[in-house]
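Structure assessment
The primary structure of each chain is shown beneath.
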Amino acid sequence: MLNIFPIHAFSDNYIWAITNDDSSDLYVVDPGQSEPVLKYISEHSLTLKGILITHHHWDHTDGVKKLKSLYPDITIYGPQNSIFTASDVKLKQDDTINILGVSLDILSTPGHTLDHICYYNSDILFCGDTLFSAGCGRLFEGTAKQMFQSLNKISQLNKNCKVYCTHEYTLANIDFAQVVDPNNIEIALYKQFIISKRDKLIESLPSTIAQELKINPYLISLDVQSDFVIPKQYIKCTNKPESNLTNLRSYKDNF
Ligand SMILES: [Zn+2]
């Protein structure tokens, strides 16, 4: 059984801290900064054992060098074929790692970047910048078709799986989701729930796969092919099945 807590970094990043009840060992996901991780280690008397990287972007990796220099024995897990080359273990689709006695499998999820991977089991998903609550990552390197396939993989995961994204984008994403999917009552309910959390400065995450399948237009769009309200100027693609994702992303990038 893992314990997972958010370490806040930059303005809206979360570095997920993974521990268990049996040890003082710590793993962190996507440390874009080292200072908040070092503070967390000190406050909780933990020993850093490893780092999980989802993709090469600086706000997910810039803390690695300092952490590795202070804790040279740690294992760094990251994607193969990546600009980020500091990984000790380079991972691809269907690989499995074991941390704190728990197995995590790897999904290759290109779209946001070409190297992007997610770490998951039946209970937890670390999805980096591929999936956000009520949203998905921008297409910086991959194609809409690649992102469609990546989100399709994620949508097949266990419905109760908790979704740990890297950014606190939820409320802004909900505002967009309400505009493109105005008759979806689940989005309005979710908005109230998230506002009540954010008002108390509680993180909106983790979400769950079941929740996202109800309210996230990018996951809903995997099945629904024509029900979204998207202005004509953002309709860039009519090729099924990735057309909805392309057009939603085009609209959101200008929202
Ligand atoms: Zn990114």
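Here is what the cut-offs are and how they apply
Residues numbered from 1 in each chain as written. Predicted model: local features only at pLDDT ≥ 70, side-chain atom pairs only at ≥ 80, totals over all residues. Heavy atoms only, no water. Helix = DSSP H or I, 4+ residues; strand = E, 2+ residues; numbered from the N terminus. Rg over C-alpha atoms; globule rule 2.2 N^0.38 Å. Buried < 20%, exposed > 50% of the residue type's maximum accessible area, 1.4 Å probe, protein only. Contact = heavy atoms within 4.5 Å. Areas by Shrake-Rupley, 256 points an atom, 1.4 Å probe, with all protein chains shown as cover. Lys, Arg positive; Asp, Glu negative; His and termini not counted. Charge placed at Lys NZ, Arg CZ, Asp CG, Glu CD. Salt bridge = Lys/Arg side-chain N within 4 Å of Asp/Glu carboxyl O. Polar contact = N/O pair within 3.5 Å; in protein donor to acceptor, adjacent residues only side chain to side chain. Phe/Tyr/Trp six-rings, centres within 6.5 Å; stacked < 30°, edge-to-face > 60°. Donors = N, O, S within 2.8 Å, 3.2 Å for Na, K, Ca; no water. Expected span 1.5 Å × (residues − 1). Arc of directions from axis to C-beta. Pairing = 2+ DSSP bridges. Axes fitted to C-alpha atoms, helices over the stretch in contact; angles between N-to-C directions.

**A few points about the overall build of the protein chain**
The number of helices and strands found in the protein chain is nine helices and 14 strands. Relative to its length of 255 residues, the protein chain is compact, with a C-alpha radius of gyration of 18 Å against a globular reference of 18 Å. Based on the C-alpha atoms only, the size of the protein chain along its principal axes is roughly 55 × 40 × 30 Å. Residue burial in the protein chain is summarised as follows: out of 255 residues, 56% are buried. Within the protein chain, counting contacts between residues at least 6 apart in sequence, those at least 24 apart form 58% of the total. For the protein chain, the accessible surface area stands at approximately 11,400 Å², while carbon and sulfur atoms represent 49% of it. Charge-centre separation for the protein chain: the mean point of 22 positive side chains lies 4 Å from the mean point of 29 negative side chains.

**Section: the pattern of salt bridges**
Counted under the stated rule, the structure contains eight salt bridges. The salt bridge involving K191 is made with D175; its shortest N-O contact spans 3.0 Å. Here the residue K191 occupies a position in helix α6 (residues 185–199), and D175 occupies one in helix α5 (residues 170–180), the gap between them amounting to 16 residues. Through salt bridges with shared partners, one network takes in R138, R249 and D253.

**Some points on the side chain of N121**
Mapped onto the elements, N121 comes out in the loop between β9 (117–120) and β10 (124–128). At a separation of 3.2 Å, a polar atom in the side chain of N121 contacts the main-chain carbonyl oxygen of S103. Contacts of N121, omitting those with residues within four sequence positions, involve V102, S103, L104 and C161.

**Side note on the packing of aromatic side chains**
Applying the stated criterion across every chain, the model contains 10 aromatic pairs. Pairing F126 with Y164 gives two aromatic rings, centres 5.3 Å apart and planes at 35 degrees, and the pair type is tilted. Of this pair, F126 sits in strand β10 while Y164 sits in strand β13 (residues 162–165); the two residues are 38 residues apart in sequence, bridging distant segments of the chain. Comparing F126 with Y164, the two get one shared label, buried. Seen from their ring centres, F132 and Y169 are 4.8 Å apart, and the 70 degrees between their planes marks the pair as edge-to-face. Taken as a pair, F132 in strand β11 (residues 131–132) and Y169 in the loop between β13 and α5 lie far apart in primary sequence, 37 residues in all.

**Considering the coordination of the zinc ion**
With distances of 2.1 to 2.3 Å, the protein atoms coordinating the zinc ion are H55 (NE2), H57 (ND1), H112 (NE2) and D129 (OD). Sequence spacing among the residues donating to the zinc ion works out to H-x1-H-x54-H-x16-D. Taking relative accessible area as the criterion, H57 reaches 16% and is therefore assigned buried.

**A look at α6**
The α-helix advances 3.6 residues per turn, and as a result positions three or four apart in sequence lie on the same side. In a regular helix each residue adds 1.5 Å, so 15 residues correspond to 21 Å; α6 covers 21 Å between its end C-alpha atoms and thus fits that length. Buried within α6 we find I187, Y190, K191, I194 and K197. Along the axis of α6, the buried positions cluster into a sector of 130 degrees, meaning they face one direction only. Within α6, the exposed residues directed more than 90 degrees away from the buried face are I185, L189, Q192 and D199. Backbone nitrogen of E186 and a side-chain oxygen of the N-cap are separated by 2.9 Å at the start of α6; the cap is N184. Positioned one or two residues after α6, L201 has a phi angle of 60 degrees, which is positive.

**A few points about the sheet that holds β10**
Spatially, β7-β8-β9-β10-β13-β14 is the arrangement adopted by the six strands of the open sheet, whose pairing is mixed. At either end of the open sheet lies a strand with only one pairing partner, and these are β7 (96–99) and β14 (207–208). Here strand β8 (residues 102–108) runs beside β9; their pairing, made up of four bridges, is antiparallel. Looking at the pairing, D105 lines up with Y120 of β9. Of the strands in this sheet, β8, β9 and β10 are in contact with helix α4 (residues 144–155), which crosses β8 at around 150 degrees.

Note that all results are geometric; they support no functional claim without further evidence.
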